[in-house]
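# Coordinates in review
Below are the chains, spelled out letter by letter.
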Amino acid sequence: MDLSEVRVNIDRVDNEIKRLFEERMHLSDEVARCKAETEDAIYKPDREVEIIERLTAGVDPSIKMEYTALIKRIMEVSRKYQYGRTLELRDCLDIPYIDSMPEINSYVIEKRDEDILRSVDCIKVENVKTVEGMDTLLKNVLEQDGTAGLGIMEDVGYSVSDEMHKIICENPLYINECRIISSFENGIWHKKKLIKFTRNLVVRPEDNRLKIMFVCENKSGSLASVLSMIADYGVNLAEIHSKADEKEIWNYVFIAELKCSFVKKETKALIFQLMNETDVFKIMGSYYIPEE
């Protein structure tokens, strides 16, 4: 059999795969309808393991790993479809948010970051309270109405503030604004990410960034699955970094900025899936960043 004949057969097989895939997705729609009615879980990892073991039994060992990867991918795509259909059939995404900024009367900033105020033209210095320590900063924002926190989340290309990420991740706080400011330090220009955060998750129609935190299961392929999931929804990953999980040794907390708007149905389906397929998940904030 020459190459042209092989290609003819590959086309034939691909067309058959297409037909079977369409049939499988129709069946996935029926599954979604049933689970929407019963509120049954879409992701059942133990059942998927059983299915994979059954389907791969007797497969030629030389291609078993590849066939296993294919089965897993088909399951991932099927689940993606079911999450979207479930949200269409049943409004079950429980993430409270408001669509406009509440009135802010004062701002709080940690003393070591107070020099950044010279770069923030929309905030009057007299409305800013300088405090010592992140704990005091946190206490002020959580306990005082109409108060927003300010802080440097990242010195781009140099360092990331794990401390700032920690207070956002572990408390009912959300980033409402993120802007890039420039500062000249030790003969070098730095670009820093200044964030404003409050007790409210604010989602505006113009927002084009979504900051999330997640912890995935500590096993082979779990992070790859999350990244593949994000890509499947057509969402661009603007940045991602990790820090050690303080609660479990050898595990990591991942912080990601997504180029997307929460108000879109595809984004909501992605968030719904992430909430159900990661060990820990939180939306850290929604904001707008001008495209370069």
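Residues numbered from 1 in each chain as written. Predicted model: local features only at pLDDT ≥ 70, side-chain atom pairs only at ≥ 80, totals over all residues. Heavy atoms only, no water.

### Let's talk about the overall build of the protein
Short version of the rule: For helices the rule is a DSSP run of H or I covering at least 4 residues; for strands it is a run of E covering at least 2, with both sets numbered from the N terminus onward. Summary of the burial criterion: residues with accessible area below 20% of their type's maximum are buried, those above 50% are exposed, and those between are partly exposed, where the area comes from a 1.4 Å probe applied to protein chains only. Pairs of residues are marked as contacts when any of their non-hydrogen atoms sit within 4.5 Å. Only the protein chains shown count as cover for residues, and the accessible areas themselves come from Shrake-Rupley with a 1.4 Å probe.
Looking only at helices and strands, the protein features seven helices and 10 strands. With 292 residues in all, the protein has 42% of them scored as buried. For the protein, long-range pairs separated by at least 24 residues make up 70% of all intrachain contacts whose partners lie at least 6 apart in sequence. Split by element, the accessible area of the protein, about 17,100 Å² in all, is 52% carbon and sulfur.

### Concerning the nonpolar core
Condition: Within this scheme, the nonpolar core is defined by two criteria: the residues are buried Ala, Val, Leu, Ile, Met, Phe, Trp, Tyr or Cys, and they are joined through side-chain atoms within 4.5 Å.
Counting residues in each nonpolar core, the largest one holds 29 residues, and the members touching the most others are Ile212, Leu258 and Ile271. When contributions to this core are tallied by element, the ones reaching two or more residues are helix H3 (61-89), strand S7 (209-215), helix H6 (222-232), strand S9 (252-259), helix H7 (265-277) and strand S10 (280-287). For this core, the element with the most residues is H7, which contributes five residues. Once you skip the residues sitting within four places of it in the chain, Ile212 turns out to touch Phe254, Ile255, Ala256, Leu258, Ile271, Leu274, Phe281, Lys282 and Met284. Core analysis: the second largest hydrophobic core is formed by 23 residues, Val108, Val131, Leu137 and Cys169 among them.

### Side note on the packing of aromatic side chains
Remark: the centre distance and the inter-plane angle together describe each pair of aromatic rings, the angle taken between the planes. Definition in use: For Phe, Tyr and Trp, rings pair up if their centres lie within 6.5 Å, where Trp contributes its six-membered ring, and each pair is then called stacked (planes under 30 degrees apart), edge-to-face (over 60) or tilted (otherwise). When the NZ atom of lysine or the CZ atom of arginine is within 6 Å of a ring's centre and also within 35 degrees of its normal, the charge is said to sit over that ring.
Within the structure shown, the criterion is met by three aromatic pairs. Ring centres 5.4 Å apart and planes at 90 degrees place the aromatic pair Tyr83 and Phe272 in the edge-to-face group. Note that Tyr83 is positioned in helix H3 and Phe272 in helix H7, a separation of 189 residues in sequence. In this pair, the class of Tyr83 matches that of Phe272, namely buried. The interplanar angle of 20 degrees and the centroid separation of 5.4 Å between the aromatic rings of Phe214 and Phe254 together place this pair among those described as stacked. Here Phe214 is found in strand S7, whereas its partner Phe254 is found in strand S9, with 40 residues between them in sequence. Comparing Phe214 with Phe254, the two get one shared label, buried. One cation-aromatic arrangement involves Lys80 over Tyr233; the distance from NZ or CZ to the ring centre is 4.6 Å.

### Let's talk about the environment of His26
Take His26: it is sitting in helix H1 (residues 3-38). Owing to a relative accessible area of 58%, His26 belongs among the exposed residues under this scheme. Spatially, the C-alpha atom of His26 lies 9.9 Å from that of Ser78, the residues being 52 residues apart in sequence.

### With respect to the pairing of S7
Rules: Any two strands between which DSSP finds at least two bridges are classified as paired.
Most of S7 is tucked away, with seven of its seven residues classed as buried. Burial along S7 is two-sided: Arg209, Lys211, Met213 and Val215 facing one way and Leu210, Ile212 and Phe214 facing the other are all buried. One ladder, built from seven bridges, connects S7 with S10; its direction is antiparallel. Note on S10: the bridge partner recorded for Val215 is Val280. Of the pairings in the sheet, the one linking S7 to S9 comprises five bridges and is antiparallel in character. What sits directly across from Lys211, in S9, is Glu257.

### Structural notes on the pattern of salt bridges
Our working rule: One speaks of a salt bridge when a side-chain nitrogen belonging to Lys or Arg is within 4 Å of a carboxyl oxygen belonging to Asp or Glu.
Per the stated rule, a full pass over the model turns up 25 salt bridges. In this structure, Arg79 and Glu277 form a salt bridge, with 2.7 Å as the shortest nitrogen-oxygen distance. Residue Arg79 is found in helix H3, and its partner Glu277 is found in helix H7; the two are separated by 198 residues along the sequence. For the pair Arg79 and Glu277, a shared accessibility class is recorded, and that class is buried. Residues Glu88 and Arg85 are paired through a salt bridge, measuring 2.6 Å at the closest nitrogen-oxygen approach. Taken together, the positions of Glu88 and Arg85, both in helix H3 and three residues apart, correspond to about one turn of that helix. Residue class for Glu88 comes out partly exposed when judged on its relative accessible area of 49%.

### Section: the environment of Asp29
Checked against the element boundaries, Asp29 lands in helix H1. Between the C-alpha atoms of Asp29 and Ile212, which are 183 residues apart in sequence, the distance is 28 Å. Not counting chain neighbours up to four residues away, the residues in contact with Asp29 comprise Tyr81 and Arg85.

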